[in-house]
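The lines below spell out each chain.
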Amino acid sequence: MGTICPGRVTPYLVYLDHAHADIVLALRGFNLGRESDYALLLDNRLGKRCFDGGYVHNGLLRAAGWVLDRECDLLRDLLDRYPAYTLTFTGHSLGAGVAAMLTMVVVLNLDKLGKVERGRTRCYAMAPARCMSLNLAVRYADVINSVVLQNLV
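Residues numbered from 1 in each chain as written. Predicted model: local features only at pLDDT ≥ 70, side-chain atom pairs only at ≥ 80, totals over all residues. Heavy atoms only, no water.

- An unreviewed UniProt entry annotates the protein as Fungal lipase-type domain-containing protein originating from Aegilops tauschii subsp. strangulata.

**Quick notes on the pattern of salt bridges**
Inference 1: Per the stated rule, a full pass over the model turns up 6 salt bridges.
Inference 2: Asp52 is the salt-bridge partner of Arg139, the closest N and O atoms lying 3.3 Å from each other. Of this pair, Arg139 sits in helix H4 (residues 134-139) while Asp52 sits in the loop between strand S3 (50-51) and strand S4 (54-55); the two residues are 87 residues apart in sequence, bridging distant segments of the chain.
Inference 3: For Asp52, a relative accessible area of 31% gives the class partly exposed. (Salt bridge = Lys/Arg side-chain N within 4 Å of Asp/Glu carboxyl O. Helix = DSSP H or I, 4+ residues; strand = E, 2+ residues; numbered from the N terminus. Buried < 20%, exposed > 50% of the residue type's maximum accessible area, 1.4 Å probe, protein only.)

**Focus: the nonpolar core**
Inference 1: Among the nonpolar cores identified, the biggest contains 41 residues, and Leu25, Met101, Met104, Leu113 and Met132 are the most heavily contacted of them.
Inference 2: At the level of secondary structure, the elements contributing two or more residues to this core comprise strand S1 (12-17), strand S2 (22-27), helix H2 (58-81), strand S5 (86-92), helix H3 (94-108) and strand S6 (121-126).
Inference 3: For Met104, the contacting residues outside a window of four places in its chain are Phe51, Val56, Met132, Leu136, Tyr140 and Ile144. (Core = buried A, V, L, I, M, F, W, Y, C linked by side-chain atoms within 4.5 Å. Contact = heavy atoms within 4.5 Å.)

Right, dumping it as structure tokens:
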């Protein structure tokens, strides 16, 4: 994982949930006090970033690539060590958008993590930022579970 600096933490963590046979990568939500979060959220070229036949949020996709680059070796090792475990990406808000992008990238590149099957990969996105076109949301609905509160008052 990331380098530990006094007073600073990484925007995500990786942990093993042995009770549920799960490898979890959890990403934090939007932090109003971090200028880099604004830059990430505003890094978007609406309708310009093509991905797997649809469109995605440019900044969130770049963030997902950054996380995967940093943790690919660790995730591959854990999946090799625990072949019966599922791989779960989760997050809230901004982190949920990154988790959804990360899930799509992993599913498209399953061999990058040691030939993990699509059925072993999943995402739980709580109140995610809008990050993909409808056709991608439908295509990845089997692996990405999005939870959004809809007030019908």
